[in-house]
Protein chains: 2
Amino acid sequence: MQPATMQALYLDRRVRLRTDLPVPEPAPDEALVRVHLAGVCATDLALVDGYYPFCGVLGHEFVGHIAAATAAGRVGQRVVGEINVGCGQCADCLAGRPTQCGTRTALGIRARDGAFAEYLRLPLANLLPVPDQISDAAAVFTEPLAAALQVLVQRPVGPGERVLVVGAGRLGQLLARVLRLTGADLEVVARHPGQRQLLEDAGVRWVAETAVADATYDLVVEASGGPGGFAIARRAVRRRGTLALKSTYRGELALDLSALVVDEVTLIGSRCGPFAPALRLLAQGLVDPTPLICEQLPLAQGPAALAVARRPGTMKVLIDCGGGARQAAGTTGCG
Amino acid sequence: MQPATMQALYLDRRVRLRTDLPVPEPAPDEALVRVHLAGVCATDLALVDGYYPFCGVLGHEFVGHIAAATAAGRVGQRVVGEINVGCGQCADCLAGRPTQCGTRTALGIRARDGAFAEYLRLPLANLLPVPDQISDAAAVFTEPLAAALQVLVQRPVGPGERVLVVGAGRLGQLLARVLRLTGADLEVVARHPGQRQLLEDAGVRWVAETAVADATYDLVVEASGGPGGFAIARRAVRRRGTLALKSTYRGELALDLSALVVDEVTLIGSRCGPFAPALRLLAQGLVDPTPLICEQLPLAQGPAALAVARRPGTMKVLIDCGGGARQAAGTTGCG
């Protein structure tokens, strides 16, 4: 039996730990998930800052197990979950693009309580089983790893290409680990010594902002989220090259669209990605995200976890929501 | 024998007819072309307005015949010409992208005298023979038709897609005629009665600005060149759709890049295109651009031709440079 109430990190203008929230009641097509670990993402911090309107339980990166579901065979299964829930009836959903459904909900982001909690609910169809060889500490990266892979879904990369990632934070590090697998000539713009060390450890070449060559990269992925990073990315992409935008920006950015036309640059907005290939890469050990873990705190210290995640140079902060077997956190103490 | 001097429309801050210009002397790999007809394009008007720095003979859309060349077999051949001349040695040229060579010259646009003249010179490799079944009046559209086709080079269109062209001016009309061939569900935003009539005559559905549906088009091609047109295009493209930019804009445009990321829109800058398919479509009669001709004036009235091209709603204005057989102009008197 599940308890009636649970702990969760709740955002209502400001974020606080609540212990009085009812355990969610899943709809017939949904499952109740007991959360093991959850990861803090820049989007969580942006939501706290009021960048998007959201009121409810935060968090969308998680691994857990199915505690209750109408599909009895799946109870107990260790799972990760796709965060977008489409209406199933609009043109986008029917065209197989539920992540772009105009009335979608999104775990911990849009009209759906999230993963910084003991329990969450999601449609069974959103929950993918996690192969045994993937630890909880690695599985919790499935969602951001899928987001990194989305660049390759939208713009496949060949081994003969020159690729630049701008930004070596949480997402930039995952992008580097994924793009490395293509055999492309990859460089990553990294500012902080800790970021550079992580790239070196992963066999990826870093480059200082000032050393980025003009107009030479076939693909540039902007993952810094700042106007400065965008300017570097725009400058670095070759004529008729591709600039993929992985981060959101505050407000509008002035852009010389004429230069974009003259240089025939393709600009790609890129967001959520496919979970299945992310799980395959994790299961095969081709991507190891665990060196990015800086700190792991219990759910009761959730507000402190968000504060740690804000520190410049901090990589991944995990929140232990208590549902998993005790595992070594594997933190590197980076940042 | 060629004469020693020639007539040409010369831009040097202001544009004027000159009769004292020396006939160009082609380099060993170049040909001397006697121009028959040339077309006035928005880029010519922008150059006159000082939008780009250029000093020299204007004009880049032309049909003519080879008057002199080291390749004697080609003398007399009727030709159109690719306007960009790459250095042949940089990474872009060696990768087969001479139109993106950083030190390229471009006929009547960049460090190379243009086509509003009795004679011009271009590398033989740039000059494509024009099949007999294509009239001069149609062949002069090869360059802008190739530019319209470039959208399909960069983003092929399937027959099941919804496509919107914003703008029904010179380029919008050619885009409509090319995109119509894909079988896609095509609409074109048109303001002026004359533009609408031309679309109807070509079997293309036009739509008023206010009637454009939000976020429903798989591909939107912006060919209006104005911020208003860009706003319509941005609004019309569906999530995860493609927005192709065919026109240049004055100054910078403020753009909500975050919305681009969240909606996963792809923005494509698109400029010059391939001549060979343009000639195939013209030869097969699949595209007939001649209804777009509004007026044809002799080179001696070049300044007047530019003035006519500026009038709102004016389609194509041709300049008769005198080298061709006298043909019926086929003007519709549109505008």
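Starting afresh in each chain, residues are numbered from 1 along the sequence in its written order. Ligands are numbered from 1 and chains lettered from A, in the order in which they are written. Where local features are concerned, this predicted model is filtered to residues with pLDDT of at least 70; where side-chain atom pairs are given and counted, the filter is 80 or more; whole-chain, interface and lining totals use all residues. Side-chain metrics in this entry use all non-hydrogen atoms of the structure; hydrogen atoms and water are not considered.

**Student:** Could you give me a rundown of the pairing of strand 17 (residues 266–269) of chain B, with the residues and numbers involved?
**Tutor:** In strand 17 of chain B, alternate side chains face the same way, and those of Thr 266 and Ile 268 of chain B on one face and Leu 267 and Gly 269 of chain B on the other are all buried. One requirement defines pairing of two strands: DSSP has to find at least two bridges between them. Going along the chain from the N terminus, every DSSP run of H or I of four or more residues is numbered as a helix, and every run of E of two or more is numbered as a strand. Judged from the three bridges that link them, strand 17 (residues 266–269) of chain A and strand 17 of chain B form a sheet pairing that is antiparallel. Directly across from Thr 266 of chain A, in strand 17 of chain B, lies its bridge partner Ile 268 of chain B. As judged from the four bridges shared by strand 15 (residues 237–245) of chain B and strand 17 of chain B, these two strands associate in the parallel manner. Note on strand 17 of chain B: the bridge partner recorded for Leu 245 of chain B is Gly 269 of chain B. Relative accessibility decides the category of a residue: with a 1.4 Å probe and only protein chains considered, values under 20% of the type maximum give buried, values over 50% give exposed, and everything between is partly exposed.

**Student:** Can you lay out the domain arrangement of chain A for me, pointing to particular residues and giving the numbers?
**Tutor:** Residues and elements named next belong to chain A. By domain assignment, chain A separates into domain 1 (5–141 + 289–320) and domain 2 (147–269). An automatic or database domain assignment provides the domain bounds reported here. Between the C-alpha centres of domain 1 and domain 2 there is a distance of 27 Å. In what follows, residue pairs with any heavy atoms lying within 4.5 Å of each other are defined as contacts. Between domain 1 and domain 2, the residue contacts involve 15 residues of the former and 12 residues of the latter. Of the roughly 1100 Å² buried between domain 1 and domain 2, counting both surfaces, carbon and sulfur atoms make up 63%. The term buried area means the drop in 1.4 Å probe accessible area that two parts suffer when joined, counted for both and summed. Among the residues domain 1 hides against domain 2, the three largest losses belong to Tyr 51, Leu 292 and Met 315. Together they make up 51% of the total. Between Lys or Arg on one side and Asp or Glu on the other, a salt bridge is scored when a side-chain nitrogen of the former is within 4 Å of a carboxyl oxygen of the latter. For the interface between domain 1 and domain 2, the tally reads zero salt bridges. Asp, Glu, Lys and Arg are counted as charged, while Ala, Val, Leu, Ile, Met, Phe, Trp, Tyr, Cys and Pro are counted as nonpolar; the rest, among them Gly, fall into the polar class. Looking at the side of domain 1 that touches domain 2 residue by residue, the classes come out as 11 nonpolar, two polar and two charged.

**Student:** Summarise the sheet that holds strand 11 (residues 162–166) of chain A; cite the residues concerned and give the values.
**Tutor:** Strand order in the open sheet made by the 12 strands is 13(A)-12(A)-11(A)-14(A)-15(A)-17(A)-17(B)-15(B)-14(B)-11(B)-12(B)-13(B), with mixed pairing throughout. Of all strands in the sheet, those bounded by a partner on one side alone are strand 13 (205–207) of chain A together with strand 13 (205–207) of chain B. Geometrically, the sheet is characterised by an average inter-axis angle of 20° between neighbouring strands, direction not taken into account. For strand 11 (residues 162–166) of chain B and strand 14 (residues 217–222) of chain B, the ladder comprises four bridges, and the chain directions are parallel. Note on geometry: axes are C-alpha line fits, over the in-contact stretch for helices, and angles between N-to-C directions span 0 to 180 degrees.

**Student:** So what about the relation of the copies chain B and chain A? Which residues, and what values?
**Tutor:** Once chain B has been moved 0.0 Å along the axis and rotated by 180°, it coincides with chain A to within an RMSD of 0.0 Å. Given the turn and translation reported, the copies of this chain are related as if by a two-fold rotation axis. Closest to the rotation axis within chain B is the C-alpha of Ala 254 of chain B, separated from it by 2.0 Å. The fraction of interface residues of chain B whose copies in chain A are also interface residues reaches 100%, indicating that both copies meet through the same surface. All copies are superposed by least squares; the fitting set is the C-alpha atoms of residues with a pLDDT of at least 70 in both.

**Student:** Which residues make up helix 6 (residues 193–201) of chain B, and what values do they have?
**Tutor:** Residue and element names in this part refer to chain B. Buried within helix 6 we find Gln 195, Leu 198 and Leu 199. The buried residues of helix 6 occupy one face: seen down the axis, they fall within an arc of 100°. Summarising the geometry of helix 6, the exposed residues directed more than 90 degrees from the buried face are Pro 193 and Asp 201. The first or second residue beyond helix 6 is Gly 203, which carries a positive phi of 75°. The directions considered for the arc run from the helix axis to the C-beta atoms.

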